[in-house]
Amino acid sequence: MSVLTPRPSILSIEPYVGGESKIPGVNRIVKLSSNEGAFGPPPAAMEAYAAIAKDLHRYPDPSSSGLREAIGGRFGLDPARILCGNGSDELLAYLILAYGGEGTELVMSAHGFVMYDLTGRYAGCHVIKVPEKNLTADVDAILAAVGPRTRIVCLANPNNPTGTLLPSSEVRRLRAGLRGDILLVIDAAYAEYVTDPDFDPGQALVDASGNTVMTRTFSKIFGLGGLRLGWAYLPAEVMDILARIRGPFNVNAGAQAAGIAALSEPGWVEKSIAHNAEWRGKLTAALEAVGIKVWPSHGNFILADFATGETAKAADAYLRARGLIVRAMGAYGLGHCLRITIGTSEECTLVAEALAAFMKDG
Ligand SMILES: *Cc1c(COP(=O)(O)O)cnc(C)c1O
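On a predicted model such as this, the values are computed, not experimentally measured, just so you know.

**Considerations on the packing of helix H3 (residues 88-99) against helix H8 (residues 236-245)**
- Relative to each other, H3 and H8 sit at 100°, their axes nearing to 10 Å. Between H3 and H8, the angle is such that the two are roughly perpendicular. Note on element contacts: H8 touches H3 through Glu237, Val238, Ile241, Leu242 and Ile245, opposite Tyr94, Leu95, Ala98 and Tyr99.
- Taken together, the residues of the contact of H3 with H8 sort by class into 8 nonpolar, no polar and 1 charged.

Shown next, in the form of structure tokens:
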């Protein structure tokens with residue numbers, strides 16, 4: 001008989017369920033369930049990854065120095081305040097474990113990214129989910145929800161899965177309304193896709209305040225989700241704290257090499273942004289034309305709203321029967337919606353046609 005007892009908060013966690021990639025009995029799968037980008041990995045990244053194979057017996061550079069230089073150069077940031085991680089999920093965990101914990105509160109918006117909830121519970125925080133307005137984070141409501149025990153506020157901007165965005169003035173207002181001992185985590189996983197001019201991914205606020213951090217990822221526009229690579233831009237003080245807890249070799253050699261190469265792939269980001277804007281618009285219009293509500297999205301995905309959980313489930317089953325995998329949203333309290341990643345033009349067309357047929361004859 002087992003007498004092992006984990007910390008009680010651990011038992012309140014429902015394990016993360018990722019986007020599916022297989023359907024039994026279906027040969028051709030179109031996977032639009034994890035926002036992985038439409039074009040596969042950048043060719044230069046594949047080459048760099050293959051080239052390090054002969055050095056796999058070597059430990060990676062523990063400080064990811066070449067990669068941090070490359071990120072700093074690309075985004076105009078001081079490499080000394082960039083920290084790389086095994087996915088941005090790892091960096092979120094470091095931040096939440098370092099500044100949260102038993103007796104503290106983590107505040108997030110109601111349909112914010114689910115990892116804040118899971119990791120907050122892991123750390124022992126009480127996680128507070130604040131109601132949104134039109135599926136958008138509500139700054140006044142977040143500020144009203146903050147209490148004396150609050151230590152962390154997490155904001156995905158743009159948010160996954162809703163696709164909604166807070167303009168830079170609203171994010172500044174949020175920071176200005178938070179006490180100095182509250183860490184504001186701005187998760188800008190989809191920053192590269194944003195075309196709205198009134199957007200700052202967070203770096204200006206990181207520079208202007210000592211208690212704001214920005215996290216970014218190579219998993220979305222840079223197409224390297226399988227390698228697990230993210231980064232954060234941090235105040236020096238936070239950098240010092242995370243340096244104490246970070247695993248010394250937390251970013252593997254393949255991820256470092258591929259990440260550097262991805263940043264230098266000519267035209268990659270421009271091509272991805274243009275494709276995304278075009279097909280996000282086309283897919284949105286196609287769904288709206290057959291009576292499906294679509295929430296306006298700033299990311300590389302759309303949130304299709306079927307009004308009832310029953311219809312969303314039926315639509316999901318209809319798509320799956322045709323090899324099209326999208327993401328059910330029950331875990332986000334949005335069971336009436338499906339999140340659909342913007343894939344290739346062919347993939348978007350297949351989904352649009354299938355949903356048109358579904359709406360016609362279910
Ligand atoms: C995909 C995603 C991430 C995760 O990124 P990794 O770098 O792959 O861990 C973080 N935040 C949001 C909002 C995301 O959608």
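**Digging into the packing of aromatic side chains**
- Enumeration over the complete set of coordinates arrives at 8 aromatic pairs.
- Summarising the aromatic geometry, the rings of tyrosine 59 and phenylalanine 249 are spaced 4.6 Å apart at their centres and angled 35° between planes, so their arrangement reads as tilted. Taken as a pair, tyrosine 59 in the loop between helix H1 (43-51) and helix H2 (65-75) and phenylalanine 249 in the loop between H8 and helix H9 (253-264) lie far apart in primary sequence, 190 residues in all.
- Overall, phenylalanine 249 belongs to the partly exposed group, its relative accessible area being 39%.
- By the ring-pair criterion, three or more aromatic residues cluster together here, those being Phe306, Tyr318 and Phe358.

**A closer look at the environment of leucine 319**
- By the secondary structure assignment, leucine 319 is in helix H11 (residues 309-321).
- When the C-alpha atoms of leucine 319 and valine 351 are compared, they prove to be 7.4 Å apart, with 32 residues separating the residues in sequence.

**What about helix H10 (residues 268-289)?**
- Given a rise of 1.5 Å per residue, 22 residues ought to cover 32 Å, and the 31 Å separating the end C-alpha atoms of H10 matches this to within 8%.
- Every buried residue of H10 is accounted for by Trp268, Val269, Ser272, His275, Asn276, Trp279, Arg280, Leu283, Thr284 and Leu287. All buried residues of H10 fall inside an arc of 155° around its axis, so they share one side. Along H10, exposed side chains directed more than 90 degrees from the buried face belong to Glu270 and Ala289.

**Some thoughts on the sheet that holds strand E7 (residues 212-217)**
- Strand order in the open sheet formed by 7 strands is E2-E8-E7-E6-E5-E3-E4, and the pairing between neighbours is mixed. Across the chains shown, the open sheet's two edge strands, defined by having one partner strand only, are strand E2 (82-85) and strand E4 (126-130). Pairwise comparison of adjacent strand axes, ignoring direction, gives a mean angle of 20° for this sheet.
- Looking at chain direction, strand E3 (residues 105-109) and strand E5 (residues 150-156) are connected through 4 bridges and run parallel. When the sheet's bridge partners are listed, glutamate 105 is paired in E5 with threonine 150.
- Sitting on the sheet, H3 touches E2, E3, E5, strand E6 (183-187), E7 and strand E8 (230-233), and the angle it makes with E7 is about 155°.
- Set on the sheet, helix H6 (residues 168-177) makes contact with E5, E6 and E7; between it and E6 the angle comes to about 160°.

**Considering the pairing of E2**
- Neither face of E2 is exposed, since Ile82 and Cys84 on one face and Leu83 and Gly85 on the opposite face are all buried.
- Strand direction decides the pairing type here: E2 and E8, joined by 4 bridges, are antiparallel. Its bridge partner being in E8, isoleucine 82 is matched across the sheet by tyrosine 233.

**Focus on helix H4 (residues 114-123)**
- Here H4 lies mainly inside the structure; 8 of its 10 residues are buried.
- Where H4 is concerned, the buried positions are Val114, Met115, Tyr116, Asp117, Leu118, Thr119, Gly120 and Ala123.
- Where the residues of H4 are buried, they touch H3, E3, E4, E5 and E6.
- In the stretch just after H4, glycine 124 is the one whose phi turns positive, near 95°.

**Thoughts on the side chain of threonine 284**
- Within the secondary structure, threonine 284 is located in helix H10.
- Assessed through its relative accessible area of 17%, threonine 284 is described here as buried.
- There is a polar contact of 2.6 Å between the side chain of threonine 284 and the backbone oxygen of arginine 280.
- Sequence-distant contacts of threonine 284, defined by excluding residues within four places in its chain, comprise Val294 and Ile302.

**A word on unusual backbone geometry**
- In this chain, asparagine 157 is followed by proline 158 through a cis amide linkage whose omega measures -5°.
- Within the fold, proline 158 resides in the loop between E5 and H6.
- For the peptide bond that leads from asparagine 160 to proline 161, omega is 15°, which places it in the cis range.
- Here proline 161 shows up in the loop between E5 and H6.
- Phi is positive for serine 64, close to 50°, though the residue is something other than glycine.
- Examined against the element boundaries, serine 64 turns out to sit in the loop between H1 and H2.
- For serine 64, a relative accessible area of 3% puts it in the buried group.
- The phi torsion at arginine 228 lies on the positive side, around 65°, for a residue other than glycine.
- Here arginine 228 shows up in the loop between E7 and E8.

Quick notes on the rules
- Residues numbered from 1 in each chain as written.
- Predicted model: local features only at pLDDT ≥ 70, side-chain atom pairs only at ≥ 80, totals over all residues.
- Heavy atoms only, no water.
- Axes fitted to C-alpha atoms, helices over the stretch in contact; angles between N-to-C directions.
- Helix = DSSP H or I, 4+ residues; strand = E, 2+ residues; numbered from the N terminus.
- Parallel < 35°, antiparallel > 145°, perpendicular 65-115°, else oblique.
- Contact = heavy atoms within 4.5 Å.
- Nonpolar A, V, L, I, M, F, W, Y, C, P; charged D, E, K, R; others polar.
- Phe/Tyr/Trp six-rings, centres within 6.5 Å; stacked < 30°, edge-to-face > 60°.
- Buried < 20%, exposed > 50% of the residue type's maximum accessible area, 1.4 Å probe, protein only.
- Expected span 1.5 Å × (residues − 1).
- Arc of directions from axis to C-beta.
- Pairing = 2+ DSSP bridges.
- Polar contact = N/O pair within 3.5 Å; in protein donor to acceptor, adjacent residues only side chain to side chain.

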